[in-house]
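# Descriptive analysis of the structure
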Amino acid sequence: MVKKVGIDLSNLFSGAEYSQEVHELKETIDKLQLEIIQLRSTDNQELETKIHELREHLVPSGVLKVAIEEIDRNPEQPRRTFTQESITAIALSLESNGQQEPIILITQQDGRYLLFDGERRWRGAKQLNWATLEAVIIPQPEALHRRVLLASLHRENLNPLDTAEALVKEIAVQSDLKIEDIPRILRAGVRRLERQGTLVKISELVLASPEQQQQQILLLGLGEAEQIVFRILLSLLLNPASVNTNIFPMLALPDDLKQAIREQGLGGIHALSLARLSAKTLGVSEAVARKLRTRILKQILQEKLSVAQSRQIVSAEITHHTQQFDSSSKRKQVDTIIRQVQGIPLVHIKRSQLVQMREALQKKLTEIESALKQEDSTES
């Protein structure tokens, strides 16, 4: 069920500036409204038919009320993280203030609608058991995933993990590269430019024209695959070096930290700090490392710790476990030496070798006695 909403269109599109389709749609509406005013000002009754035609054109281009049950989620939506807290917050806003901006929908062949923008509002309205939402209908855009990605990227609508997954998907769609290879290719390209001392030139290309970007990339000495990745990222107004440092590392996070980003609102930089608490770094099993990450994660969220505070806690934990690991390694080393000494066969050994062994053991025994005395004085 779709109903026309009698509402002023002048400010309804302020929140959808990222959509070229909506820009064009508003321009069309403004032109049609102006034409209606001009036609009426002539006071010519013969023009009423024309005015009626213009109104008919205007109606499907305006803000409509669409039944929520007729709206489907967009499977190409780059944003995958919708915490219950954020949905509840938008539901409270809808309940208290009403719907401030229309969602944006695409008509499907079966007559249903596909969400282009506004999934949190849609989810919040469903939580409130609303029957309809105000919406703007746009034509099916080509390269749907890219359009939604552009809309989300430059409204800061994605967390770094969603952004990373959406970017590798977009690059894979536009090339023959495999998703799992793309971060490695970007990393290799960035390192190549660092060695050449030309990485600074990349930031200068972000706002350059596509022609300038293409021309300069060819001059940087990048490999073919690296050129593809750099070109696509630049076309999205993203700095490849920044993506390499701040975005793509999210893809290598352990699953528990990815889950915390999606479900608990953990920040990306916080997650990267926690990722340092790995089994390899700590010298423990993965189960122990995960348990430690969970404990510190809980502390970070409950106390709302800053990135600097989180890094300090993580560093302290690493130092503590490293010291424990070193101590344990030394104990194992001593145990091994004791077993080796105890297991030395003394038969068929030349006298000269036995004398050398005795001297070495006596020297080491003297060192042990000295260490024991030092330990005793420290304890007292």
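Predicted, not measured: the structure shown is a model, and the values here were computed from it. (Residues numbered from 1 in each chain as written. Predicted model: local features only at pLDDT ≥ 70, side-chain atom pairs only at ≥ 80, totals over all residues. Heavy atoms only, no water.)

### A look at the overall build of the protein chain
Tallying secondary structure elements over the protein chain gives 17 helices and six strands in all. Out of the 380 residues in the protein chain, the part that is buried amounts to 38%. Within the protein chain, residue pairs in contact and separated by at least 24 positions form 70% of the contacts whose partners lie at least 6 positions apart. As displayed, the protein chain has an accessible area near 23,000 Å², and 51% of this comes from carbon and sulfur atoms. (Helix = DSSP H or I, 4+ residues; strand = E, 2+ residues; numbered from the N terminus. Buried < 20%, exposed > 50% of the residue type's maximum accessible area, 1.4 Å probe, protein only. Contact = heavy atoms within 4.5 Å. Areas by Shrake-Rupley, 256 points an atom, 1.4 Å probe, with all protein chains shown as cover.)

### Details of the packing of helix α6 (residues 160–174) against helix α12 (residues 255–264)
At a closest axis distance of 9 Å, the pairing of α6 and α12 adopts a crossing angle of 110 degrees. As the angle between them shows, α6 and α12 are arranged roughly perpendicular. Where α6 approaches α12, its residues Leu-161, Asp-162 and Glu-165 are matched on the opposing element by Lys-258, Ile-261 and Arg-262. Class assignment of the residues belonging to the contact of α6 with α12 gives a composition of two nonpolar, no polar and four charged. (Axes fitted to C-alpha atoms, helices over the stretch in contact; angles between N-to-C directions. Parallel < 35°, antiparallel > 145°, perpendicular 65-115°, else oblique. Nonpolar A, V, L, I, M, F, W, Y, C, P; charged D, E, K, R; others polar.)

### Focus: the pattern of salt bridges
A complete count under the given rule lists twelve salt bridges for this structure. A salt bridge links Glu-165 to Arg-262, with the nearest nitrogen and oxygen atoms 2.5 Å apart. Taken together, the positions of Glu-165 in helix α6 and Arg-262 in helix α12 put the pair 97 residues apart, joining distant regions of the chain. Of the two residues, Glu-165 and Arg-262, both sit in the buried class. The partner of Arg-192 in a salt bridge is Glu-226, with the nearest N and O atoms 2.9 Å apart. Pair noted here: Arg-192 is in helix α7 (residues 182–196) and Glu-226 is in helix α10 (residues 224–235), with a separation of 34 residues, a long-range link. Assessed through its relative accessible area of 7%, Glu-226 is described here as buried. Here the salt bridges share partners, and the residues they tie into one network are Arg-73, Glu-119 and Arg-123. (Salt bridge = Lys/Arg side-chain N within 4 Å of Asp/Glu carboxyl O.)

### Details of the pairing of strand β5 (residues 113–117)
Of all five residues that make up β5, five are buried, and the element is covered over most of its length. In this sheet, β5 lies alongside strand β3 (residues 71–72) in parallel orientation, the contact comprising two bridges. For Asp-72, the partnering residue across the bridge sits in β5 and is Leu-114. Across four bridges, strand β4 (residues 103–107) lies against β5 in antiparallel orientation. Residue pairing in the sheet places Leu-105 in a bridge with Leu-115 of β5. (Pairing = 2+ DSSP bridges.)

### Concerning the confidence of the model for the protein chain
Looking at the protein chain as a whole, the pLDDT averages 79, with 75% of positions reaching at least 70. Taken element by element, the protein chain is modelled with least confidence in helix α2 (residues 48–58), mean pLDDT 49, and with most confidence in α7, mean pLDDT 94. Note that pLDDT drops below 50 for residues 3–21; the model gives that stretch 42 contacts with residues more than four away or on any other chain. In this model, residues 54–60 is a region of pLDDT below 50 whose contacts with residues beyond four sequence positions or in other chains number 13 contacts. (pLDDT = per-residue confidence, 0-100.)

### Side note on the nonpolar core
Of all hydrophobic cores here, the largest spans 49 residues; its most connected members are Phe-248 and Leu-274. Residue contacts for Leu-274: discarding those within four places in its chain leaves Leu-257, Leu-266, Arg-293, Ile-296, Leu-297, Ile-300 and Val-314. With 14 residues, the next largest nonpolar core counts Val-66, Leu-105, Ala-125 and Leu-133 among its residues. (Core = buried A, V, L, I, M, F, W, Y, C linked by side-chain atoms within 4.5 Å.)

### Concerning the side chain of Glu-317
Along the chain, Glu-317 falls in helix α16 (residues 307–342). Overall, the relative accessible area of 15% leaves Glu-317 in the buried class.

### Some words on the layout of surface pockets
Considered as a void within the structure, the largest pocket measures approximately 380 Å³ in volume. In terms of lining residues, the largest pocket is bounded by Val-334, Ile-337, Val-341, Ala-360, Leu-361, Lys-364, Leu-365, Glu-367 and Ile-368. Secondary-structure elements contributing two or more residues to the lining of the largest pocket are α16 and α17 (351–379). The element that contributes the greatest number of residues to the lining of the largest pocket is α17, accounting for six residues. Of the residues contributing to the lining of the largest pocket, the split by class is seven nonpolar, no polar and two charged. (1 Å grid on protein atoms, 1.4 Å probe; cavity = no way out; pocket = protein on both sides within 12 Å on 5 of 7 lines; lining within 4 Å. Points joined across faces, edges and corners; volume = space filled by probe spheres on them.)

### A few points about the pairing of strand β2 (residues 63–67)
On a regular strand, each side chain points to the face opposite its neighbour's, so the side chains alternate between the two faces of the sheet. Most of β2 sits out of view: four of its five residues are buried. Pairing analysis gives five bridges linking β2 to strand β6 (residues 132–138), with the strands arranged antiparallel. Considered in β6, the bridge of Val-66 is made with Leu-133.

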